[in-house]
Amino acid sequence: MEGFLVRSPGGQGRPLRGEVRVGGAKNSALKLMAASLLAPGTTTITNLPDILDVDVMARLLDELGCTTRVDHTRAVVEIDVPEELAHHAPYQLVRRLRASISVLGPLLARCGRAEVALPGGDAIGSRGLDMHLEGLERLGAESRIEHGYVVAEATAGLHGAEVGLEFPSVGATENILLAATLADGTTVLDNVAREPEIADLCGMLVAMGARIDGIGSGTLRVEGVRRLSPVEHATVGDRIVGGTWAFAAAIAGGEVEVHGVDPAHLGIVLDKLDRAGAQVTRHEHGFGVRVERRLRSFDVVTLPFPGFPTDLQPFAMALAAVSDGTAMVTENVFEARFMFAQELARLGADVHVDGHHAVVRGRPRLSGAEVVAHDIRAGAALVLAGLAAEGETTVADSFHVDRGYPGFVEQLTGLGVDIERVELADLDDR
Ligand code: EPU
């Protein structure tokens, strides 16, 4: 089992110093790749993150009849999309990547039929598909679950409709939007997610010839077109990775310059760090965070964008564990994300969870221990907590972190952190 070993003598570590360059957003790139299915021809996506999920998505597209060429050294993927697509997305690939559900909308639009394996459970909550399927049904698709697959059919083709989402789900917004671009007539999609990754997807779709109004707002109006054309599109910078570096500086102290992320995509996060005592400077394509003393605690309530992102909640909790004062952290998006609190407590954090609230009382420092990453963000947040934990911290199951953070160890080392990858004996064998 692979893990990370972080050393922090005295629990204060060394203040971080340096610059990090952030690549394209995982949660955008995978959807842009799925969107390529809408247009026969060669789509090129640049600023591609160097992560395994991209390769899994490429294999899924190949399975659907495309020919993909991923070049991680140039951060580019080229996708040749045929006139005739296959419509079966197999379990072996889908189970490894929940984002693969976003091929459902494009396949329905292009083939009138899609069979996509159910992604299955996830360590951060139940993550249903009801809003995806109800929205696609409004557009004329019938769907059922058969042998572990979502089988959806639109025998008479897709048509425009009014769809109001119960909750601004990122995945449901994307799937319905993708299907609506080629539907017959106008779709009005209300209460949609407003995450920057949705605006990025809309930007690519418009360049492909889609007609979309209301980009960035809570209501998207999509006038269906007959055909879309392939394009070249650059993935938006990864705001969650950028936010992770901001929290790294906040937890360890020091000064970090982040390039490749629009600071407006981290509005509430950077404002909170500012008010807690960090000095934040915003640039056009990045920001700097300078921290000279222990920050004051602050409360966090996760909400869809522009609210505080659930993906940064574990980092906020890790910071609260070493801040001055008490913080209330409320998780409204993924109920099981608080599994992280138990691991943080192993590092000596004073955390009490009650339902979807956690009360965190700050301590000057934590104490190094063996902990386990349950998902991408929890794993990275445990490494950052390790920067303020006296002695050695090992974070097992580092593969989770590698799914979201290209070059994580190298970037931390570049900032002055004492971290290495280590082979750990399976916990059961110790
Ligand atoms: N939900 C339903 N029914 C649906 C759809 C969603 O009940 O049909 C629920 C989910 O169970 C969850 C909530 O709605 O409780 C929000 O889910 P949403 O659909 O917004 O999230 P997602 O599309 O599954 C994406 C990101 C997540 C990120 C969330 C929220 C991808 C591949 N994943 O998930 O990213 O946390 O949006 O911003 O884009 C991560 O990167 O670590 C990660 C988990």
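Residues numbered from 1 in each chain as written. Predicted model: local features only at pLDDT ≥ 70, side-chain atom pairs only at ≥ 80, totals over all residues. Heavy atoms only, no water.

### Regarding the UniProt feature "binding site: phosphoenolpyruvate" (unreviewed entry) in the protein
- The positions that UniProt labels "binding site: phosphoenolpyruvate" (unreviewed entry) are, in the present scheme, Lys26 and Asn27.
- The topology assignment puts lysine 26 in helix 1 (residues 26-35).
- Here lysine 26 falls in the buried class, since its relative accessible area comes to 9%.
- Aside from chain neighbours lying at most four places away, what touches lysine 26 is Pro49, Ile51, Asp53, Asp238, Ile376, Arg377, Arg403 and Gly404.
- In this structure, asparagine 27 sits in helix 1.
- Among all residues touching asparagine 27, those that are not within four sequence positions of it are Glu174, Glu197, Asp311 and Arg377. (UniProt positions renumbered as here; feature names shortened; annotations may be inferred. Helix = DSSP H or I, 4+ residues; strand = E, 2+ residues; numbered from the N terminus. Buried < 20%, exposed > 50% of the residue type's maximum accessible area, 1.4 Å probe, protein only. Contact = heavy atoms within 4.5 Å.)

### Examining the packing of helix 8 (residues 239-252) against helix 12 (residues 376-387)
- Direction vectors running N to C along helix 8 and helix 12 enclose 20°, while the axes themselves pass 9 Å from each other. When the interaxial angle is binned, helix 8 and helix 12 end up roughly parallel. Seen from above, helix 8 lies across helix 12 with right-handed handedness. For the pair formed by helix 8 and helix 12, the contact residues are Ile240, Thr244, Phe247, Ala248, Ile251 and Ala252 on the first element and Arg377, Leu384 and Leu387 on the second. (Axes fitted to C-alpha atoms, helices over the stretch in contact; angles between N-to-C directions. Parallel < 35°, antiparallel > 145°, perpendicular 65-115°, else oblique. Left-handed = near helix turned anticlockwise from the far one by under 90°.)

### Section: the nonpolar core
- Met33, Val103, Val116, Leu158, Leu177 and Leu205 are the most contacted members of the largest nonpolar core, which totals 78 residues.
- When near neighbours in sequence (up to four residues on either side) are disregarded, methionine 33 contacts Ile45, Leu48, Val54, Met57, Ala58, Leu61, Val77 and Ile79.
- If you look at the next biggest cluster of nonpolar residues, it comprises 76 residues, including Ala278, Phe308, Phe315 and Leu412. (Core = buried A, V, L, I, M, F, W, Y, C linked by side-chain atoms within 4.5 Å.)

### Considerations on the packing of aromatic side chains
- Under the criterion given, the structure shown has 4 aromatic pairs.
- Note on phenylalanine 247 and phenylalanine 315: the rings are 6.3 Å apart at their centroids and 25° apart in plane angle, and the pair reads as stacked. Separated by 68 residues along the polypeptide, phenylalanine 247 in helix 8 and phenylalanine 315 in helix 10 (residues 313-321) bring together distant segments of the chain. Exposure class is identical for phenylalanine 247 and phenylalanine 315. Each is buried.
- Cluster of aromatic residues (ring-pair linked, three or more members): Phe4, Trp245, Tyr405 and Phe408. (Phe/Tyr/Trp six-rings, centres within 6.5 Å; stacked < 30°, edge-to-face > 60°.)

### Digging into the domain arrangement of the protein
- Partitioning the protein into domains gives domain 1 (2-23 + 237-429) and domain 2 (85-234).
- With centres defined by C-alpha atoms, the gap from domain 1 to domain 2 works out at 32 Å. (Domains from an automatic or database assignment.)

### With respect to the pattern of salt bridges
- For the structure shown, the criterion picks out 21 salt bridges.
- One salt bridge in this structure joins arginine 74 and aspartate 71, with 3.3 Å as the shortest N-O distance.
- A relative accessible area of 23% means that aspartate 71 is categorised as partly exposed.
- Put simply, aspartate 402 and arginine 421 hold a salt bridge, and the shortest N to O gap is 2.9 Å. Residue aspartate 402 is located in helix 13 (residues 399-402), and its partner arginine 421 is located in strand 25 (residues 418-423); the two are separated by 19 residues in the primary sequence.
- For aspartate 402, a relative accessible area of 25% puts it in the partly exposed group. (Salt bridge = Lys/Arg side-chain N within 4 Å of Asp/Glu carboxyl O.)

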